[in-house]
2 protein chains.
Amino acid sequence: MRRRFEVVVMLKPGMADPQGRAVEDALPTMGWSGLTNVRVGKHVELTVEADSEDAARALVEQVADRLLSNPVIEDYRILSAEEVR
Amino acid sequence: MRRRFEVVVMLKPGMADPQGRAVEDALPTMGWSGLTNVRVGKHVELTVEADSEDAARALVEQVADRLLSNPVIEDYRILSAEEVR
């Protein structure tokens, strides 16, 4: 069974986020107001072939923890898993 | 009312994704198999102050379309909007 997962990797709360800051600084120059606390992270999508959803999710957690994120400065969360053909 | 939105920006299907390719190439060296079709995009979170959810969402769509994404090569989608204090 193949499943498509989404993994979100964001800097931990309190960590400086230069990309988010750059977006915030650009907003007023575009004429927009009322937008604050911008954070920019990574969104990873991947397809997993595994016997069960539990096995697939365990593999995605390993990959997210050891390859996609830096656990010292980033948190990750797994958003969804849907079957694909 | 303040609402927290999430915006996902991914390269359009078919566009070469060097970051996704780098992740895929690293997987076997870490001993993992069964993972394919890795795509890496941006995940943006931001807080919007607006009178209504419709007004907030319209503003987020403008920002996503004109600042956060490059519509020629990227698609965006707005994931969620929850009220915050």
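Scroll up to find the structure.
Parameters at a glance
- Residues numbered from 1 in each chain as written.
- Chains lettered and ligands numbered in written order.
- Predicted model: local features only at pLDDT ≥ 70, side-chain atom pairs only at ≥ 80, totals over all residues.
- Heavy atoms only, no water.
- Helix = DSSP H or I, 4+ residues; strand = E, 2+ residues; numbered from the N terminus.
- Rg over C-alpha atoms; globule rule 2.2 N^0.38 Å.
- Buried < 20%, exposed > 50% of the residue type's maximum accessible area, 1.4 Å probe, protein only.
- Contact = heavy atoms within 4.5 Å.
- Lys, Arg positive; Asp, Glu negative; His and termini not counted.
- Charge placed at Lys NZ, Arg CZ, Asp CG, Glu CD.
- Salt bridge = Lys/Arg side-chain N within 4 Å of Asp/Glu carboxyl O.
- Pairing = 2+ DSSP bridges.
- Axes fitted to C-alpha atoms, helices over the stretch in contact; angles between N-to-C directions.
- Parallel < 35°, antiparallel > 145°, perpendicular 65-115°, else oblique.
- Nonpolar A, V, L, I, M, F, W, Y, C, P; charged D, E, K, R; others polar.
- Arc of directions from axis to C-beta.
- Least-squares fit on C-alpha atoms with pLDDT ≥ 70 in both.

A tally of regular secondary structure across chain A gives 2 helices and 3 strands. Reading the secondary structure of chain A in the N-to-C direction produces β-α-β-α-β. Whereas a compact globule of 85 residues would reach a radius of gyration of roughly 12 Å, chain A reaches 16 Å, over 25% beyond that. When the backbone C-alpha atoms are referred to their principal axes, chain A occupies close to 50 × 30 × 15 Å. Here chain A, with 85 residues, has 41% of them falling under the buried criterion. Of the contacts formed within chain A by residues at least 6 apart in sequence, a portion of 78% connects residues at least 24 apart. Counting 11 positive and 15 negative side-chain charges, chain A places the centres of these two groups 2 Å from one another.

Interface size, as often reported, equals the accessible area lost upon joining of the parts. Listed by partner, the interface residues are 36 residues for chain A and 36 residues for chain B. For the pair chain A and chain B, the interface holds 4 salt bridges. Between Arg 77 of chain A and Glu 45 of chain B there is a salt bridge; the shortest N-O distance is 3.5 Å. Looking at the side of chain A that touches chain B, the elements that each hand over two or more residues are strand 1 (2-11), helix 1 (18-29), strand 2 (35-49), helix 2 (53-68) and strand 3 (74-84) of chain A. The element best represented in the side of chain A that touches chain B is strand 2 of chain A, accounting for 15 residues.

Of all 15 residues making up strand 2 (residues 35-49) of chain B, 11 are buried, and the element is well covered by its neighbours. Bridge count between strand 2 of chain A and strand 2 of chain B: 11 bridges; the pairing is antiparallel. Paired with His 43 of chain A across the strands is Gly 41 of chain B, a residue of strand 2 of chain B. Bridge analysis of strand 1 (residues 2-11) of chain B against strand 2 of chain B gives 8 bridges, and the strand direction is antiparallel. The residue bridging Arg 4 of chain B from the neighbouring strand is Thr 47 of chain B, located in strand 2 of chain B.

To continue, consider the packing of helix 1 of chain A against helix 2 (residues 53-68) of chain B. When two helices pack together, you describe them by how their axes are tilted relative to each other and by the distance separating the axes. Put simply, helix 1 of chain A and helix 2 of chain B touch, their axes get as near as 12 Å, and they point 105 degrees apart. When the axes of helix 1 of chain A and helix 2 of chain B are compared, the pair comes out roughly perpendicular. Contact residues: Val 23, Ala 26 and Leu 27 of chain A in helix 1 of chain A; Val 63, Leu 67 and Leu 68 of chain B in helix 2 of chain B. Here the contact of helix 1 of chain A with helix 2 of chain B is built from residues that sort into 6 nonpolar, no polar and no charged.

Moving on, we get to helix 2 of chain A. Those residues of helix 2 of chain A lying buried are Ala 56, Leu 59, Val 60, Val 63, Ala 64 and Leu 68 of chain A. Summarising the axial view, the buried residues of helix 2 of chain A lie within an arc of 135 degrees, below the 170-degree limit, and thus occupy one face. Across helix 2 of chain A from its buried face, at more than 90 degrees, point the exposed residues Asp 54 and Arg 66 of chain A. Buried-residue contacts for helix 2 of chain A involve strand 1, strand 2 and strand 3 of chain A together with helix 1 (18-29) and strand 2 of chain B.

Moving on, we come to the environment of Val 72 of chain A. Residue and element names in this part refer to chain A. Positionally, Val 72 belongs in the loop between helix 2 and strand 3. Given the relative accessible area of 66%, Val 72 is considered exposed. Along the primary structure Val 72 and Ala 58 are separated by 14 residues, whereas in three dimensions their C-alpha atoms are 20 Å apart.

Mapping chain A onto chain B is achieved by rotating through 180 degrees and translating by 0.0 Å along the same axis, at an RMSD of 0.0 Å. Interpreted geometrically, this transformation is the action of a two-fold axis.

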